[in-house]
Amino acid sequence: MSAFACERPNMTEQHRNRATEAFFGRRKGKPLRTQQAAHLETLLPAFRVDLTSPAPDDITSLFAHDVERMRMEIGFGGGEHLIHRAVENPSTGFIGVEPFVNSMAKLVGQIEAKGAVNIRLHDDDATQVLDWLPDACLDQIDLLYPDPWPKRRHWKRRFVSPVNLDRFARVLKSGGVFCFASDIDTYVNWTLSHCRDHAAFEWTAENAADWLTPYAGWPSTRYEAKARREGRKSAYLTFRRI
Ligand SMILES: C[S@@+](CC[C@H](N)C(=O)[O-])C[C@H]1O[C@@H](n2cnc3c(N)ncnc32)[C@H](O)[C@@H]1O
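The following refers to the structure shown. (Residues numbered from 1 in each chain as written. Predicted model: local features only at pLDDT ≥ 70, side-chain atom pairs only at ≥ 80, totals over all residues. Heavy atoms only, no water.)

## Concerning the overall build of the protein
Link 1 in the chain: In terms of helices and strands, the protein carries nine helices and nine strands.
Link 2 in the chain: The C-alpha atoms of the protein give a radius of gyration of 17 Å, which matches the 18 Å a tight globule of 242 residues would have.
Link 3 in the chain: Across its three principal axes, the protein shows a C-alpha extent of roughly 45 × 40 × 35 Å.
Link 4 in the chain: Out of the 242 residues in the protein, the part that is buried amounts to 53%. (Helix = DSSP H or I, 4+ residues; strand = E, 2+ residues; numbered from the N terminus. Rg over C-alpha atoms; globule rule 2.2 N^0.38 Å. Buried < 20%, exposed > 50% of the residue type's maximum accessible area, 1.4 Å probe, protein only.)

And the structure:
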């Protein structure tokens, strides 16, 4: 379906979650290695956010130690950004969401290897977590190289939409930020125009360098590496919750 298709399993077999209107590709790719399967079975349950119980009023109580900030990454893919940020920011609590089983297995192994105790996970649609969270509980939402849905007739499937910006607006604290990176021009413009039209968000950029320069401490991601190999540049947008 996209420039990313060779990295993802067959994206023509989209799964549509009717409850949330989310679209994503198949949830499984190559068979998991034995150790990955074991990680999912033995480790994931301890990291998984329990959406069957009401969310705690204080979301930082998801973690055994004190955390000062809360950050959510939607669609972490290979997980390299999430694990990097979690290790460099031990006093931030992270919620990572990724429906693709192989990616989840990889990240769970990394969490174990690096001893990151500040990550909680959800292995399905991010809108389920957004709807579970209490109001004004997150300092940051990262949406990095979301599925681009480049064909015009599929743009409505993009994660950035009025209804999902409403979700972001509800769960972000005042002054919290929504960070969006993409190498797909039409998606960058789409996000700029949707955030401009949403009363809760303001774009923080003051000049071109602000959105052409990667975020501070940016470790890059697998999809960004692919974009570079194929000659595409990226935009790094930051919107502040008013
Ligand atoms: C193009 S990949 C980018 C992965 C990673 N952020 C990177 O930069 O390498 C988009 C990811 O978003 C995930 N995704 C798509 N829809 C999602 C949804 N509704 N909730 C959570 N993740 C989603 C996909 O499974 C996929 O791994």
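## Examining the site of the ligand
Link 1 in the chain: Neighbouring residues of the ligand: 21 residues in total, closest Gly75, Glu98, Leu144, Thr221 and Tyr223.
Link 2 in the chain: Leu144 places a main-chain nitrogen or oxygen 2.8 Å from a nitrogen atom of the ligand.
Link 3 in the chain: For the ligand, the protein covers 96% of the area, taking 600 Å² as the surface of the free molecule.
Link 4 in the chain: For the shell around the ligand, the secondary structure elements donating two or more residues are strand S2 (22-24) and helix H9 (222-229).
Link 5 in the chain: It is S2 that contributes the most residues to the shell around the ligand, three residues altogether.
Link 6 in the chain: Per-class residue counts for the shell around the ligand are 11 nonpolar, three polar and seven charged. (Near = heavy atom within 4 Å. Polar contact = N/O pair within 3.5 Å; in protein donor to acceptor, adjacent residues only side chain to side chain. Areas by Shrake-Rupley, 256 points an atom, 1.4 Å probe, with all protein chains shown as cover. Nonpolar A, V, L, I, M, F, W, Y, C, P; charged D, E, K, R; others polar.)

## As for the pattern of salt bridges
Where charged atoms from two side chains of opposite charge come close, those side chains can pair.
Link 1 in the chain: Across all of its chains, the model carries 13 salt bridges by this definition.
Link 2 in the chain: With a shortest N-O distance of 2.7 Å, Asp135 and Arg170 are connected by a salt bridge. You can see Asp135 sitting in the loop between helix H5 (126-132) and strand S6 (138-144) and its partner Arg170 sitting in helix H6 (residues 162-171), a full 35 residues away along the chain.
Link 3 in the chain: A residue is classified by how much of its surface remains accessible, and Arg170, at 31% relative accessible area, is partly exposed.
Link 4 in the chain: Linking Lys226 and Glu230 is a salt bridge whose minimum nitrogen-to-oxygen distance equals 2.6 Å.
Link 5 in the chain: On the basis of relative accessibility, which here comes to 2%, the residue Lys226 falls in the buried class.
Link 6 in the chain: Members of the salt-bridge network, linked through shared partners, are Asp183, Lys226, Glu230 and Arg232. (Salt bridge = Lys/Arg side-chain N within 4 Å of Asp/Glu carboxyl O.)

## Considerations on unusual backbone geometry
Link 1 in the chain: With a phi angle near 50 degrees, Tyr145 is a residue other than glycine that sits in the positive phi range.
Link 2 in the chain: Tracing the chain through its elements places Tyr145 in the loop between S6 and H6.
Link 3 in the chain: Here Tyr145 falls in the buried class, since its relative accessible area comes to 6%.
Link 4 in the chain: Positive phi is not limited to glycine here, since Ser220 has a value of about 70 degrees.

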